[in-house]
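# Structure assessment
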Amino acid sequence: MPAARGWHGYRLWTVVGVVVVSLLVVLAWFTPALSVRTVRIDGLSAVPEVDVRARLEIPDGRSMLRIDTTAIAQRVAAIPKVRSVRVQRKFPSTVLVTVVERTPVVYFDAPDGAHLVDAESVEFAIEPEPPIGVPKLLTEGSFTGPAAARAAVEVLVTLPPALSVQVGEVVARSISDVSLSLRDGRKVVWGGTGDGERKAAVVLPLLTREGTVFDVSSPNLVTVK
């Protein structure tokens, strides 16, 4: 009998515990005890904060437990200049929105302005003027559009930083014929998009030589003219 009473007592306290926890959850869910009081947005530079806040859609007084962080992140990520978003609850009353913006690695001119392309080959914005320091993409013949942009980006992201800051233009004639025009007038013939690491390893030492045209299209047999 004592054992039976102990078992029943244990079950009773378990039920009481579940009821108490449930009540606390209900209170937190429906009362202002854990309502959102602050929304902090980090990581913005090119994207206006007002555009992000317009997508949050967090009603005044909404409980922290009732906000849908996934839906909020998806709405903010729909902004073209946004690459990724993380939404976190910071109890007791703060929602933290961390934004990673897209940054251009190349642009191409069109009648409506400068089209910006990021490191993932995503064309994400059109600006009246090109951003300072970003190389311009030039194409020839039928090799235009997304294919040319992907080839240019694939080359640019493999360049050593000391060289990438010198590039003024990327000329893409085909996926196997890409060259770089440096800001000092020199030219680097890169060739195809393959062997990027090997080309990146030989190009800087090659640029220390006298010349105007530096060909690393075959990294085992580089030439200078």
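Residues numbered from 1 in each chain as written. Predicted model: local features only at pLDDT ≥ 70, side-chain atom pairs only at ≥ 80, totals over all residues. Heavy atoms only, no water.

The strand order E1-E3-E2 describes an open sheet built from 3 strands, whose pairing is mixed. This sheet does not close on itself; its edge strands, each paired only once, are strand E1 (38-42) and strand E2 (82-90). Between one strand axis and the next, the sheet turns through 15 degrees on average, direction left out of account. Note that E1 and strand E3 (residues 94-101) share 5 bridges and pair parallel. The residue bridging Arg40 from the neighbouring strand is Leu96, located in E3. Packing against the sheet, helix H2 (residues 49-56) makes contact with E1 and E3, and its axis sits at approximately 130 degrees to E1. Across the sheet, helix H3 (residues 69-77) is in contact with E2 and E3; its angle to E2 comes to roughly 150 degrees. (Pairing = 2+ DSSP bridges. Helix = DSSP H or I, 4+ residues; strand = E, 2+ residues; numbered from the N terminus. Axes fitted to C-alpha atoms, helices over the stretch in contact; angles between N-to-C directions. Contact = heavy atoms within 4.5 Å.)

Our focus in this paragraph is the nonpolar core. Counting residues in each nonpolar core, the largest one holds 26 residues, and the members touching the most others are Leu159, Leu180 and Val188. Elements with a contribution of two residues or more to this core: helix H4 (145-156), strand E8 (167-174), strand E9 (177-182), strand E10 (187-191) and helix H6 (196-206). For this core, the element with the highest residue contribution is H4, accounting for 7 residues. Not counting chain neighbours up to four residues away, the residues in contact with Leu180 comprise Val155, Leu159, Val167, Glu169, Val170, Arg186, Lys187, Val188 and Trp190. Counting residues in hydrophobic clusters, the runner-up holds 19 residues, among them Val39, Ile58, Val76 and Val85. (Core = buried A, V, L, I, M, F, W, Y, C linked by side-chain atoms within 4.5 Å. Buried < 20%, exposed > 50% of the residue type's maximum accessible area, 1.4 Å probe, protein only.)

Summary statistics for the chain give a mean pLDDT of 89 and a share of 85% for residues scoring 70 or more. For the stretch residues 15-24, pLDDT sits under 50, and the model shows 0 contacts to residues farther than four places along the chain or on other chains. (pLDDT = per-residue confidence, 0-100.)

Pro92 follows Phe91 through a cis peptide bond whose omega is 15 degrees. In this structure, Ser121 is a non-glycine residue whose phi angle is positive, near 65 degrees. Considering the arrangement of structural elements, one finds Ser121 in the loop between strand E5 (113-118) and strand E6 (123-127). The residue Asp195 is not glycine, and still its phi comes out positive at about 60 degrees. By relative accessible area, which is 43% here, Asp195 ends up partly exposed.

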